[in-house]
Amino acid sequence: MITEVRLRPLRNLDFDRVLQLERQLFGRGAWTYGMLADELAGLGRWYIVAEPERRDRAGDQPVVGYAGLWFDGDVTQVMTIGVDPAVQRHGVGRQLLTALIERSRKVKADAVLLEVRVDNTPAIEMYRDFGFEILGVRKRYYQPEDKDAYTMRLDLAAAEDAPEDAPVESPADAPADAPGDAA
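Everything quoted here is computed from the prediction, not taken from an experiment.

(A) Up close: the pattern of salt bridges. Counting across every chain of the model gives ten salt bridges. A salt bridge links Arg6 to Glu51, with the shortest nitrogen-to-oxygen separation between them at 2.1 Å. With Arg6 in strand β1 (residues 5-9) and Glu51 in strand β2 (residues 45-52), this pair connects stretches of sequence that are 45 residues apart. Judged by relative accessible area, which is 25%, Arg6 ranks as partly exposed. A residue is classified by how much of its surface remains accessible, and Glu51, at 1% relative accessible area, is buried. One salt bridge connects Glu115 with Arg138, and the closest N-O pair in it is separated by 3.2 Å. Here Glu115, found in strand β5 (residues 111-117), pairs with Arg138, found in strand β6 (residues 133-142); they are 23 residues apart in sequence, far enough to count as distant.

(B) Just the sheet that holds β1, in detail. Strand order in the open sheet formed by seven strands is β1-β2-β3-β4-β5-β7-β6, with mixed pairing between adjacent strands. Because the sheet does not close on itself, it has two edges, and the strands there are β1 and β6. In this sheet, adjacent strand axes meet at a mean angle of 25° when their direction is disregarded. Seen against the sheet, helix α1 (residues 15-26) touches β2, β3 (65-71) and β4 (76-83) and runs at an angle of roughly 95° to β3.

(C) Representation of the nonpolar core within the structure. Of all hydrophobic cores here, the largest spans 31 residues; its most connected members are Ile81, Val92, Leu96, Leu97, Tyr127 and Phe132. Looking at this core, the elements with two or more residues in it are β1, β2, β3, β4, α3 (92-106), β5, α4 (121-129) and β7 (147-155). Per element, the largest residue contribution to this core is six residues, and it comes from α3. Excluding its chain neighbours within four sequence positions, the residues that come into contact with Tyr127 are Ile81, Leu97, Leu114, Val116, Phe132 and Met152.

What counts as what
- Residues numbered from 1 in each chain as written.
- Predicted model: local features only at pLDDT ≥ 70, side-chain atom pairs only at ≥ 80, totals over all residues.
- Heavy atoms only, no water.
- Salt bridge = Lys/Arg side-chain N within 4 Å of Asp/Glu carboxyl O.
- Helix = DSSP H or I, 4+ residues; strand = E, 2+ residues; numbered from the N terminus.
- Buried < 20%, exposed > 50% of the residue type's maximum accessible area, 1.4 Å probe, protein only.
- Pairing = 2+ DSSP bridges.
- Axes fitted to C-alpha atoms, helices over the stretch in contact; angles between N-to-C directions.
- Contact = heavy atoms within 4.5 Å.
- Core = buried A, V, L, I, M, F, W, Y, C linked by side-chain atoms within 4.5 Å.

Structure below.
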């Protein structure tokens, strides 16, 4: 069981593992290599990965989660959060979301927006724990599954008391264009 993860910027070397998790988590709606590359090349994008914190091994560990943001100058949009099913419900998603919210504050966004499948109860509960509120429903948002999504919003001015689960060495202060970074 993983109890601690280290967050770091997503790198090109992580693509295969992230896409493997995408297919496992999102099935027919998973991003392809081209979609991921296009997304990461977009302006205002910021992507991170979570890997196990292993003190008995040196170097990078297999990615167990990933997440990304888009900042449009006013608000940030959570583009994706994915966690390996083998480590779900162990705080990895919370640490990733905490880092996204920290990054949103750093870029001075007014709010954080996201979409989540209406039947993804664990994710909805986590977002509510952080202070996100449901704004409405987007019919048939997820394709090709033809599933509805809730649009949720976190007002950053009102979110000062959000859970603080991010690790001390959060990549929120890491440069977005460090060598080897995909974003």
